[in-house]
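# Examination of the molecular architecture
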Amino acid sequence: MSEDSQRNAAVNAAATTNIYHANLQDLPLSAARRFYKSGIRPGEPTRTRVQAQEMLEKIPPSQRAGIDSQSAASNAEQYLSDKHASHIKPHSKGGSNNPNNIKWENGKANIARGGKTMTWQEKMRLDAKWQFDNLTGAVKAGLQAAPVGAAVGALTAAPFSLLTNALRVVRGEISAQEATTATLKDTVIGGAVGGTTAFATATLAAAFPPIGVLLTASAPALAIGGTVLMAVEFFKILDDHKQDVRVYYESLTQHELAHLQAIENELIYEHNKNLEFLAEAKAINQNITNRPIAPGVEGAMQRLRESVAIAKSLGLTSADSKLLPDSQLPYLPPHS
């Protein structure tokens with residue numbers, strides 16, 4: 001899978017990851033009243049809207065996050081289902097109802113403390129629990145976003161991998177079966193990249209509201225950027241194909257030229273050998289023609305022996321003449 005495809009899968013996965021943190025206006029009226037009145041005794045003034053929003057924001061960010069306002073509000077209500085608004089300094093000792101004096105705490109623990117001031121150990125425990133709840137909520141948001149990101153990443157990678165590998169088949173680089181395997185592999189990698197990106201993005205955005213706001217604000221730009229990058233990748237694949245085809249045919253031409261040159265060199269070599277043979281045969285023919293002719297039978301036999309020697313020097317055998325190596329020359333008595 002190319003770096004372009006991985007980048008596009010990541011961008012598109014991030015663009016489709018939505019994290020929203022609940023605000024007071026997102027809650028049903030019955031749920032919103034809790035942030036105005038929790039921990040306040042009858043007859044005391046309720047909190048202002050700003051203070052009520054602060055009470056909502058005392059919930060760990062990831063525990064009041066969702067993919068939209070409705071799911072975010074639902075998550076916030078679920079988190080507070082077993083919580084009380086616990087006073088750090090109790091009413092009986094002059095503690096106020098200001099959000100600064102309030103921590104969301106398990107109802108049983110709040111009731112067990114009664115009218116005592118919250119100890120520093122208890123405050124540390126609640127702060128640690130707040131951090132832990134924020135972390136677990138962020139991981140949960142990431143796990144919920146990962147499947148969607150994986151699907152987006154796979155859908156982003158698949159068509160480009162299919163196009164790339166189909167062109168490789170056309171060029172004869174791989175078989176159709178190899179192209180199918182490569183496309184499936186790239187699709188899986190694209191899904192993994194998209195899923196990982198969505199998980200990381202959603203986890204951070206859920207745990208840190210400013211990142212969530214930035215993600216929401218940048219989503220349109222990411223979507224446009226993803227579309228542009230996909231178009232760039234598409235034309236890059238086509239351009240790479242053209243370049244590969246051009247290089248292939250140039251190399252093929254060079255190969256053919258080299259092959260033709262080798263054939264021509266072989267023909268020239270054979271021709272030169274023939275010329276040398278003809279020149280040698282001509283010289284031998286001249287020697288035969290111009291040699292002195294002795295009279296009588298002895299002269300004839302001498303010429304025959306010379307002719308056999310010449311024939312043997314030319315590579316001729318008994319298959320060419322009965323008078324050559326395997327054959328017996330006629331016996332001639334010595335000349336007296």
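My aim in this report is to walk through the structure given alongside it, one point at a time. (Residues numbered from 1 in each chain as written. Predicted model: local features only at pLDDT ≥ 70, side-chain atom pairs only at ≥ 80, totals over all residues. Heavy atoms only, no water.)

## A few points about the overall build of the protein chain
- Within the protein chain, the regular secondary structure consists of nine helices and four strands.
- Across the protein chain, helices and strands are ordered from the amino to the carboxyl terminus as α-β-α-α-β-α-β-β-α-α-α-α-α.
- Put simply, the protein chain has 336 residues, and 33% of those count as buried.
- Working note: accessible area of the protein chain is about 20600 Å², and carbon and sulfur atoms make up 62% of it. (Helix = DSSP H or I, 4+ residues; strand = E, 2+ residues; numbered from the N terminus. Buried < 20%, exposed > 50% of the residue type's maximum accessible area, 1.4 Å probe, protein only. Areas by Shrake-Rupley, 256 points an atom, 1.4 Å probe, with all protein chains shown as cover.)

## Notes on helix α3 (residues 49-57)
- Turning to α3, its buried residues are A52, Q53, M55 and L56. For α3, the arc enclosing every buried residue in end-on projection is 155 degrees, short of the 170-degree limit, so these residues lie on one face.
- Those residues of α3 that are buried are in contact with α2 (29-37), α4 (69-79), β3 (83-87) and β4 (102-106). (Arc of directions from axis to C-beta. Contact = heavy atoms within 4.5 Å.)

## Points about the pattern of salt bridges
- Inspection of the entire model under this criterion finds ten salt bridges.
- The shortest N-O distance in the salt bridge between R7 and D4 comes to 3.4 Å. With a gap of three residues between them, R7 and D4 both fall in helix α1 (residues 3-15), about one helical turn apart.
- Classification of D4 as buried rests on a relative accessible area of 19%.
- D240 is paired through a salt bridge with K236; the nearest N and O atoms lie 3.2 Å apart. Of this pair, D240 and K236 are both found in helix α8 (residues 209-290), four residues apart, which corresponds to roughly one turn of the helix.
- Overall, D240 belongs to the partly exposed group, its relative accessible area being 33%. (Salt bridge = Lys/Arg side-chain N within 4 Å of Asp/Glu carboxyl O.)

## Some words on the side chain of N12
- Mapped onto the secondary structure, N12 falls in helix α1.
- Excluding residues within four positions of it along the chain, N12 makes contact with V152, T156, G226 and M230.

## Some points on α4
- Every buried residue of α4 is listed here: A72, A73, A76 and Y79. All buried residues of α4 fall inside an arc of 125 degrees around its axis, so they share one side. Along α4, the residues that are exposed and aim more than 90 degrees away from the buried face are Q70 and Q78.
- Residues of α4 that are buried sit in contact with β1 (20-21), α3, β2 (65-66), β3 and α6 (120-170).

## A short note on the packing of aromatic side chains
- This structure, assessed with the given rule, holds two aromatic pairs.
- An angle of 85 degrees between the planes, with centres 6.0 Å apart, marks the rings of F35 and W104 as edge-to-face. One end of the pair, F35, is in helix α2; the other, W104, is in strand β4, and 69 residues separate them in sequence. Per residue, the accessibility class of F35 equals that of W104, and both read buried.
- Geometrically, the ring pair formed by F234 and F235 is edge-to-face, given 5.3 Å between the ring centres and 75 degrees between the ring planes.
- Look at F234 and you get partly exposed, because its relative accessible area is 34%. (Phe/Tyr/Trp six-rings, centres within 6.5 Å; stacked < 30°, edge-to-face > 60°.)

## Focus on the pairing of β4
- By the criterion of burial, β4 is predominantly enclosed, with four of the five residues buried.
- Of the pairings in the sheet, the one linking β3 to β4 comprises five bridges and is antiparallel in character. Counted as the bridge partner of K83 is N106 from β4. (Pairing = 2+ DSSP bridges.)

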